[in-house]
Amino acid sequence: FVDGLPVKGFIGEMDTAPQRFQNGEVRNETSYYLFTHLEFSLAYNGDNVIAVNLTTDARQRLKLQQGKPAQVEFSYSATWKPTDVKYINRMSLYAQAALHDQSVDIHWLSIVNSFVLVILLTSFLAIILMRILRKDFARYMEDPEDAGDDEEVGWKRIHGDVFRPPPYLMLFTAMIGSGAQILTLSSGLLVLALVGMFYPGNRGALYVAAIVLYALTASVAGYVSTDLYVQLGGKRWATNAVLAAGIFTCPFFCVFSVVNMVAIYYGSTSALPLNMVFMIIVLFAVVTFPLSILGSMRAKKQENEFKPPCLPNVKPRELPEIPWYRSALFQMLMAGFLPFSAIYIELHYIFASVWGHRVYTLFGILTLAFIILLIVTAFVTVALTYFQIAMEDYRWWWRALLSGGSTGVFVFLYAAFYYNHRSEMSGSLQFMFFFGYMFLVSYGFFLMLGAVGYWMASVFIRHIYETIKID
């Protein structure tokens, strides 16, 4: 960086030439050279630097030999040129250059493919579900006296159990609340990116914005978690508020602490100093935690009442035998693959930007991919939830969260593939950095999409049971 402006250039080159040995054998030998002179061309307006360009002199280079230390003396030259571009517009030059470096056609092809997937998926699910539900409604809306003994079949039979609160209620609601917070955080970051708050090359601004927004949106997690917890009959709302505040933050601090200690051990410049770590802890203690408690207190004060269309029975009914292809693991596999297939191309470019040297500026396309991801997750979860209750399996609460969040598992698996086959990273330091932070990203995807899956499944379940007659 020069005056906060990103500078790109070559630090050396490789030269491959055939080498003939005394026995007549000819082999290609590769030599490595380091450029020792850098030429800076700087455009200025008044006292401000507007643009920087870096070139190298191939005539001034040093040959490197493996295993032999070398003393290198670097030099540079600078050329200053006046320009009429204003200081406030200097980053637009870099945004345009970064856009030209990217293959926009590939991104748009990815979006078109994802959009076609959404159209086909939603059309297929709408046709299938509407045909099935129409038959179900016609059968379930009949007069009980004319319906016969087998009137209650399928998902109507479990109307006394489908709204029974899920097990581990506090953990479930805390995960939903944290997912709502991460969804709000992601949407806020995309809005800031669309309005031009993050310019190319300055990754620090994005990271700082993510930390600050996470702290400020903590009340969302507290409110959503406690509101759902109290509605479903929970009594320990204060404990639920603490759990909602820490269900993502605690894993984050654990991973961050381990990764930062490894970075300090290796003397990496990526290690945060202790004063910065202390500031992050203070931000959590002074802002994040209190806001989460305030959101929970507001939800508790409102005391929204849970009014299910069907009251739960005193005792849960016995579950039927479920075939293997409708098990939770198989359902998660299906639910995670389709949303992941809609975003994996954009995911590749984001990985190349975060873990490589590319600059990502196509935030409009990224926003479209994010919306498509949410839509596909919602529709797939609704479809799988219907097939589950049609088998008279009323345990849909956790299943909807796991199905929606399973895309996070695919994101982590793709991260492992990217590390081994697409990146040139190696060593303990890069391994810990990559998989530590990718675990947190995948976990965030799991919570966010799990909350989306639950909300859509809940709306669908409530709608179909409000439509039929229940005796």
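Residues numbered from 1 in each chain as written. Predicted model: local features only at pLDDT ≥ 70, side-chain atom pairs only at ≥ 80, totals over all residues. Heavy atoms only, no water.

Observations regarding the overall build of the protein
Phase 1: Check the secondary structure of the protein and you find 15 helices and six strands.
Phase 2: Along the three orthogonal principal directions, the C-alpha set of the protein runs to about 95 × 60 × 45 Å.
Phase 3: Each of the 471 residues in the protein was classed as buried or not, and the buried ones make up 41%.
Phase 4: Here the analysis covers contacts within the protein between residues at least 6 apart in sequence; of these, 79% occur between residues at least 24 apart.
Phase 5: Accessible surface, the protein as shown: approximately 26,300 Å² in total, 63% of it carbon and sulfur.
Phase 6: Each charge class in the protein was averaged separately, 33 positive and 33 negative side chains, and the resulting centres sit 4 Å apart. (Helix = DSSP H or I, 4+ residues; strand = E, 2+ residues; numbered from the N terminus. Buried < 20%, exposed > 50% of the residue type's maximum accessible area, 1.4 Å probe, protein only. Contact = heavy atoms within 4.5 Å. Areas by Shrake-Rupley, 256 points an atom, 1.4 Å probe, with all protein chains shown as cover. Lys, Arg positive; Asp, Glu negative; His and termini not counted. Charge placed at Lys NZ, Arg CZ, Asp CG, Glu CD.)

Let's talk about the pairing of strand E4 (residues 48–56)
Phase 1: Relative to E4, strand E3 (residues 37–45) runs antiparallel, the two being bridged by eight bridges. Within the sheet, the bridge partner assigned to Ser-41 lies in E4 and is Asn-53.
Phase 2: In this antiparallel pair of consecutive strands, E3 and E4, the connection spans two residues, and Gly-46 shows a positive phi of 70°. (Pairing = 2+ DSSP bridges.)

A word on the sheet that holds strand E6 (residues 75–82)
Phase 1: The three strands are arranged E4-E3-E6 in an open sheet whose pairing can be described as mixed. Each edge of the sheet is formed by a strand with only one pairing partner; in this case those strands are E4 and E6. Pairs of neighbouring strands in the sheet enclose a mean axial angle of 20°, with direction left out of account. (Axes fitted to C-alpha atoms, helices over the stretch in contact; angles between N-to-C directions.)

Remarks on a nonpolar patch on the surface
Phase 1: Judged by side-chain polarity, Trp-108, Leu-368, Ile-371, Ile-375 and Phe-379 come together as a nonpolar surface patch covering roughly 410 Å² of accessible area.
Phase 2: Examining the composition of the nonpolar patch, we find that four residues originate from one element, helix H12 (residues 363–390), more than from any other.
Phase 3: Its place among the elements puts Ile-371 in helix H12. (Patch = residues over 30% accessible without salt bridge, like charges linked within 9 Å, V, L, I, M, F, W, Y side chains within 5 Å. Salt bridge = Lys/Arg side-chain N within 4 Å of Asp/Glu carboxyl O.)

Quick look at the environment of Leu-243
Phase 1: Considering the arrangement of structural elements, one finds Leu-243 in helix H7 (residues 237–246).
Phase 2: Apart from residues lying up to four places away in sequence, Leu-243 is in contact with Met-170, Leu-171 and Ala-174.

With respect to the pairing of E3
Regular strands have side chains that alternate between both faces of the sheet.
Phase 1: In this structure, E3 lies alongside E6, joined through eight bridges in parallel fashion. Counterpart to Leu-42 in the pairing with E6 is Trp-80.

Points about helix H10 (residues 328–341)
Phase 1: Between its first and last C-alpha, H10 extends 20 Å over 14 residues, near the 20 Å set by a 1.5 Å rise per residue.
Phase 2: When H10 is considered as a whole, its buried residues turn out to be Gln-331, Met-332, Ala-335, Gly-336, Pro-339 and Phe-340. The arc enclosing the buried residues of H10, seen along the axis, measures out at 150°, which places them on a common side.
Phase 3: Taken together, the buried residues of H10 touch helix H11 (344–354), H12, helix H13 (396–405) and helix H14 (407–421). (Expected span 1.5 Å × (residues − 1). Arc of directions from axis to C-beta.)

Side note on the packing of H10 against H14
Phase 1: Interaxial distance between H10 and H14 falls to 7 Å at its minimum, and their mutual angle equals 65°. The orientation of H10 with respect to H14, classified from their angle, is roughly perpendicular. Considering how the two elements wind past one another, H10 and H14 form a crossing that is right-handed. Touching Met-332, Leu-333, Ala-335, Gly-336, Phe-337, Pro-339 and Phe-340 of H10 are Thr-407, Phe-410, Val-411 and Tyr-414, all from H14.
Phase 2: A class-by-class count of the residues in the contact of H10 with H14 yields nine nonpolar, two polar and no charged. (Parallel < 35°, antiparallel > 145°, perpendicular 65-115°, else oblique. Left-handed = near helix turned anticlockwise from the far one by under 90°. Nonpolar A, V, L, I, M, F, W, Y, C, P; charged D, E, K, R; others polar.)

A few points about the confidence of the model for the protein
Phase 1: Residues of the protein with pLDDT of at least 70 account for 90%, and the chain-wide mean is 84.
Phase 2: Segment residues 147–151 is flagged for pLDDT under 50; beyond a separation of four residues in sequence, or across chains, it makes three contacts in the model. (pLDDT = per-residue confidence, 0-100.)

Some details on the sheet that holds strand E5 (residues 61–64)
Strand-to-strand pairing in sheets goes through backbone hydrogen bonds, with the strands running parallel or antiparallel.
Phase 1: Sheet architecture is open: three strands sit in the order E1-E2-E5, paired in antiparallel fashion. Two strands bound the open sheet, and with one partner strand each, they are strand E1 (12–20) and E5. Between one strand axis and the next, the sheet turns through 35° on average, direction left out of account.
Phase 2: For E1 and strand E2 (residues 26–35), the ladder comprises nine bridges, and the chain directions are antiparallel. Following the sheet pairing, Arg-20 is matched in E2 by Val-26.

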